[in-house]
Amino acid sequence: MRAFFVLIILSVFCVQTHTQEDSLKLVESSGVEIIVDGQLDEIEWSDARVLNLRKGKDHHMVVLLKYDKDYLYVAFKDLTDANNISYNAEVLISTNSDTPDWSNQSYWFHSSYSNCSAVGLYYFWENCTTRPVGWAANTFPFKEGNDHMEFKISFSKLNINPAKGRQIRMAFKVSDPLDQQAYWPEEALIGDPLTWGLITF
């Protein structure tokens, strides 16, 4: 019986730890606006939250996240591995933090050789351009020795105001040319927004 109670306590602790890892509180940036060029300027990103994203045992990537009154900013750092394979980057956002379904409040943003996006669905390759409306990201090929991608997404594109205490769900995904994938949170499923991280402004 004692072992049973110990098991329950450990299980609760693990659930709480997992929840904390998948939840982020952001502080509105007072720094300079991000220039979307793939160069992670220290002044631009000094007040960002830092997330770890792993692809296998050997390749470790970092995701940076911040916002100001007009934009949500995301950066993927070190997207080229030791075999010189570059990973595509995707940002998933659900502005309704309580729904498990994709809807007109769910957004998919992809960057590789072009910028692709959709509302209410993902892997929609018919809306791709180098100059999207309401958001921006640098694209392949990487320039000047940088292997990073920066996303700048306007809150007007998301149809929300980042009021204090507002919550949304986000996930960050990378994939290689063979479509091997990695996510933050690690257990995220692209089809289920409730598995994404809970972001609080």
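Conventions and cut-offs
- Counting of residues starts from 1 at the beginning of each chain's written sequence and follows it residue by residue.
- Local features in this predicted model are restricted to residues of pLDDT 70 or higher, and side-chain atom pairs are both shown and tallied only at a pLDDT of 80 or more, whereas totals for entire chains, interfaces and linings draw on every residue.
- The basis for every side-chain value is the complete set of heavy atoms in the structure, and neither hydrogens nor water enter the calculation.
- A run of H or I in DSSP becomes a helix once it reaches four residues, and a run of E becomes a strand once it reaches two; helices and strands are each numbered from the N terminus.
- Any residue under 20% of the maximum accessible area for its type is buried, any over 50% is exposed, and the rest in between are partly exposed; the area is computed with a 1.4 Å probe on protein chains only.
- Contacts are assigned to residue pairs that have any heavy atoms within 4.5 Å of one another.
- Strand pairing is assigned whenever DSSP detects at least two bridges linking the two strands.
- Between N-to-C directions, angles span 0 to 180 degrees; the directions come from axes that are lines fitted to C-alpha atoms, helices contributing only their stretch in contact.
- Note on definitions: salt bridges are taken to be side-chain nitrogens of Lys or Arg within 4 Å of carboxyl oxygens of Asp or Glu.
- Criterion for a disulfide: a pair of cysteine sulfur atoms within 2.5 Å.
- By nonpolar core we mean a set of buried residues, namely Ala, Val, Leu, Ile, Met, Phe, Trp, Tyr and Cys, connected to one another through side-chain atoms within 4.5 Å.
- Two rings from Phe, Tyr or Trp (for Trp, the six-membered ring) form a pair when their centres are within 6.5 Å of each other. A pair whose planes differ by under 30 degrees is stacked, one over 60 is edge-to-face, and the rest are tilted.
- For this analysis, a polar contact is any N or O atom pair within 3.5 Å, provided that within protein one partner can donate a hydrogen and the other can accept it, and provided that sequence-adjacent residues contribute only side-chain to side-chain pairs.

Broken down by element type, the protein chain carries three helices and 13 strands. With 201 residues in all, the protein chain has 47% of them scored as buried. The long-range share in the protein chain, meaning contacts at least 24 apart out of those at least 6 apart in sequence, stands at 58%.

Taken together, the five strands give an open sheet; going across it, the order is E2-E3-E4-E10-E9, and neighbouring strands pair in antiparallel fashion. At either end of the open sheet lies a strand with only one pairing partner, and these are strand E2 (49-55) and strand E9 (135-137). Here the strands of the sheet are splayed against their neighbours by 15° on average, with no regard to which way each runs.

Looking now at the pattern of salt bridges. All told, the structure shown has four salt bridges when counted by the stated rule. Between Lys66 and Asp47 there is a salt bridge, and its shortest N-O distance comes to 2.9 Å. Of this pair, Lys66 sits in strand E3 (residues 59-67) while Asp47 sits in the loop between helix H2 (42-45) and E2, placing them 19 residues apart in sequence. Since its relative accessible area comes to 2%, Lys66 is described here as buried.

Throughout the structure, instances matching the rule amount to one disulfide. The disulfide partner of Cys116 is Cys128, and the gap between their sulfur atoms is 2.0 Å. Note on the Cys116 and Cys128 pair: the S-S dihedral is about 110°, so by sign convention the disulfide is right-handed. Here Cys116 is found in strand E7 (residues 115-119), whereas its partner Cys128 is found in strand E8 (residues 128-129), with 12 residues between them in sequence.

Moving on, we come to the nonpolar core. Judged by nonpolar contacts, the single largest core of 35 residues is most densely connected at Phe76, Val91, Ile93, Phe151, Met170 and Phe172. Apart from residues lying up to four places away in sequence, Phe172 is in contact with Leu51, Leu53, Val63, Leu65, Val74, Phe76, Glu90, Val91, Ala182, Tyr183 and Trp184. Grouped together as the second largest cluster of nonpolar side chains are 10 residues, Trp108, Ala118, Ala171 and Trp196 included.

Moving on to the packing of aromatic side chains. Applying the stated criterion across every chain yields a total of 18 aromatic pairs. Summarising the aromatic geometry, the rings of Trp108 and Tyr123 are spaced 6.3 Å apart at their centres and angled 90° between planes, so their arrangement reads as edge-to-face. Placement of the pair is Trp108 in strand E6 (residues 106-111) and Tyr123 in the loop between E7 and E8, with a sequence separation of 15 residues. We classify Trp108 as buried; its relative accessible area is 0%. One aromatic cluster in this structure is built from Phe76, Tyr107, Phe109, Trp135, Phe151, Phe172 and Trp184.

In this fold, Asp81 is placed in the loop between strand E4 (71-77) and strand E5 (88-94). Separated by 2.9 Å, the side chain of Asp81 and the backbone nitrogen of Asn83 make a polar contact. A polar atom in the side chain of Asp81 sits 3.1 Å from the side chain of Tyr87.

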